[in-house]
Amino acid sequence: MNISNVDQLVQQELHKVADKTQEFHLRHELLTELAYNSPGMLPARYVFVLTNLCNLDCSFCYQRRDLRDDRMTTEDWLNVIAQLPDYARVTLTGGEPMMFKGFQEIFSVVASEHYCNIISNGLLLDKEKIDFLLNYPNFSVLAISIDNIGNTLRDVKERSWLRMEKMLAYFVERKRTVNPDCLLECKTVILDDNADELMDIHRYCVERLGCDHHTYQFLKGSPLQHADFMFSFDAMEEKSCAPVYQRFETIKKQLRLVQEYNERTGAKSFLHPGFAELNSTVSLDSLDVLNCSEHIPQNFAPCKFPWSSMHINVDGNMFPCMAVSVGNVKCQSISEMVNGDSCTRFRSLIRKEGTIEGCNRCGWIRPLIPK
């Protein structure tokens, strides 16, 4: 399989998928497998941490939210975009990405050439910005973080929340005619604090906000994952300790209600990591392995994510998933770093071990399926 026929393969497999989300997933899986088996191939997914600043201060956030003297400029980001392969897909995130001064310029250049997603808290959306975003056919997903109705867990004030509701209603209305392929995704971090609200949040996101799909994210188990500050290589193998949910049975009961709701209505939701299917009524017992402080590699499939994705931090450091720098885009090309000693060392460790301590409850780990 080579890069030129990935899209052809996706088209051949489309009869197996039901919607745009699954089409994106299929394409990502094909590119991941290709990259894993093709030395020198550049990754397909790039996450731009445009800023680590945010207009919220969530207690479970792992960003330091300091104004860095070495932060990337708009020109730095444009230089990165010019190096991306044709098959690249870009996620703009932060912090709150819309706080970056050059956000619209960066978005317009990315979305003119590549599929583009945005992860945001939604509070800075307005009609002008929504119209601007939807004007780009490559704008694929607007993901909004919602951890309870009203986002009081993120300390969002009622006035700001009501304004955001109106903006999301405008987004849904406008995308129907301007960019119907663009998806509205709601993202919910699963917490003990919202354990008994997960079904209500799902219904609200689907029925009130009109989201196309809803993703539940478990708390990560290692501070190395997707952080905005770098760690040493050795830190990847240091003992990790994932937070253990005290209300895990309540969480499972709520997710069963989500399953039943989806089965009844056709709504879509997903788990991250994907250890259970929420769009059918299969057992959720497989989730029990996630509510463990320790990382037990034997429970997980070998990870191929470091071959398919790269994060570029607010300071230009590039890393596959765990925040261990493989170089800096301000002084090295993406190709040099992907094929350099640091990235090779990182990938070699993961290829050898499958998963390691730094992978503890990462959203991209997969269950080991018995042969």
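The present account deals with the structure reproduced in this document.

What counts, and at which threshold
- Residues numbered from 1 in each chain as written.
- Predicted model: local features only at pLDDT ≥ 70, side-chain atom pairs only at ≥ 80, totals over all residues.
- Heavy atoms only, no water.
- Helix = DSSP H or I, 4+ residues; strand = E, 2+ residues; numbered from the N terminus.
- Buried < 20%, exposed > 50% of the residue type's maximum accessible area, 1.4 Å probe, protein only.
- Contact = heavy atoms within 4.5 Å.
- Areas by Shrake-Rupley, 256 points an atom, 1.4 Å probe, with all protein chains shown as cover.
- Core = buried A, V, L, I, M, F, W, Y, C linked by side-chain atoms within 4.5 Å.
- Pairing = 2+ DSSP bridges.
- Right-handed = clockwise from strand over helix to strand, strands pointing away.
- Axes fitted to C-alpha atoms, helices over the stretch in contact; angles between N-to-C directions.
- Parallel < 35°, antiparallel > 145°, perpendicular 65-115°, else oblique.
- Left-handed = near helix turned anticlockwise from the far one by under 90°.
- Nonpolar A, V, L, I, M, F, W, Y, C, P; charged D, E, K, R; others polar.
- Expected span 1.5 Å × (residues − 1).
- Salt bridge = Lys/Arg side-chain N within 4 Å of Asp/Glu carboxyl O.
- Phe/Tyr/Trp six-rings, centres within 6.5 Å; stacked < 30°, edge-to-face > 60°.
- Lys NZ or Arg CZ within 6 Å of the ring centre and 35° of its normal.

It is worth spelling out the overall build of the chain at this point. Along the chain, the regular secondary structure elements total eleven helices and nine strands. Of all 371 residues assigned to the chain, the portion counted as buried reaches 55%. Sequence separation of at least 24 residues holds for 75% of the intrachain contacts in the chain that already meet a minimum separation of 6. When the accessible surface of the chain is summed, it comes to about 16500 Å², and 48% of that surface belongs to carbon and sulfur atoms.

The next subject is the nonpolar core. It is characteristic of soluble globular proteins that their nonpolar side chains tend to be buried jointly. Ranked by size, the top nonpolar core spans 102 residues in total, and within it F48, L92, F107, F139 and L287 carry the most contacts. When residues in this core are grouped by element, the largest group, seven residues, is from helix α6 (residues 158-178). Among residues more than four places away in sequence, those in contact with F139 are F107, C116, I118, L133, L134, F171, N179 and C182.

What follows is about the pairing of strand β7 (residues 269-272). Strand direction decides the pairing type here: strand β6 (residues 213-217) and β7, joined by four bridges, are parallel. When the sheet's bridge partners are listed, T215 is paired in β7 with F270. On the question of chirality, the crossover connecting β6 to the parallel β7 by way of helix α8 (residues 248-265) is right-handed.

As a further point, take unusual backbone geometry. Of note, the bond from G94 into G95 is cis; its omega dihedral lies within 30 degrees of zero at 20 degrees. Mapped onto the fold, G95 is located in the loop between β2 (89-93) and α4 (103-113). Of note, D155 is a non-glycine position whose phi angle comes to about 60 degrees, a positive value. Position of D155 among the secondary structure elements: in the loop between β4 (139-145) and α6. At R361, a position not held by glycine, the phi torsion is positive, near 50 degrees.

What follows covers the packing of α4 against helix α5 (residues 127-134). Two numbers describe how α4 lies on α5: the axes approach to 10 Å, and their chain directions differ by 20 degrees. Looking at the two axes, α4 sits roughly parallel to α5. In this structure, α4 meets α5 at a crossing whose hand is right-handed. On α5, the residues that touch F103, Q104, F107 and S108 of α4 are K129, F132 and L133. Here the contact of α4 with α5 is composed, by residue class, of four nonpolar, two polar and one charged.

Given a rise of 1.5 Å per residue, 21 residues ought to cover 30 Å, and the 30 Å separating the end C-alpha atoms of α6 matches this to within 8%. The complete set of buried residues in α6 reads W161, M164, E165, M167, L168, Y170, F171, V172 and K175. Residues of α6 that are buried in the fold lie against α5, β4, β5 (183-189) and α7 (198-208).

Let us look at the pattern of salt bridges. One pass over the structure, following the stated rule, counts 14 salt bridges. R203 serves as the salt-bridge partner of E207, at 4.0 Å between the closest nitrogen and oxygen. Taken together, the positions of E207 and R203, both in helix α7 and four residues apart, correspond to about one turn of that helix. Residue E207 is classed as exposed on the basis of its relative accessible area of 52%. Here the salt bridges do not stand alone but share partners, grouping E249, K252, D285 and D288 into one network.

This part covers the packing of helix α3 (residues 74-81) against α4. Contact geometry for α3 and α4: axes closest at 10 Å, N-to-C directions at 10 degrees. When the axes of α3 and α4 are compared, the pair comes out roughly parallel. Seen from α3, the contacting residues are T74, W77, L78 and I81; seen from α4, they are E105, I106, V109 and V110. Grouping the amino acids of the contact of α3 with α4 by side-chain chemistry returns six nonpolar, one polar and one charged.

On to the pairing of strand β3 (residues 115-120), then. Pairing of β2 with β3, which is carried by four bridges, proceeds in the parallel orientation. Along β3, the bridge assignment pairs R89 with Y115. Viewed along the sheet, the connection from β2 through α4 into β3 turns out right-handed. Chirality of the crossover, the property in question, places the unit of β3, α5 and β4 among those that are right-handed.

Taken in spatial order, the nine strands make up an open sheet running β7-β6-β5-β4-β3-β2-β1-β8-β9, and their pairing is mixed. This sheet does not close on itself; its edge strands, each paired only once, are β7 and β9 (318-319). Bridge analysis of strand β8 (residues 309-312) against β9 gives two bridges, and the strand direction is antiparallel. Looking at the pairing, H311 lines up with F319 of β9. Sheet contacts for α7: β5, β6 and β7; angle to β6, the most-contacted strand, approximately 150 degrees.

Using the criterion set out here, one finds 15 aromatic pairs in the structure. Seen from their ring centres, F132 and Y136 are 5.5 Å apart, and the 70 degrees between their planes marks the pair as edge-to-face. A connected cluster of aromatic rings, assembled from ring pairs, spans F103, F107, F132, Y136, F139 and F171. In this structure, K304 is placed above the aromatic ring of Y36, and the distance from its NZ or CZ to the ring centre is 4.8 Å. The ring centre of Y36 lies 4.1 Å from the NZ or CZ of R351, which sits over that ring.

Just distances and angles here, no functional claims.
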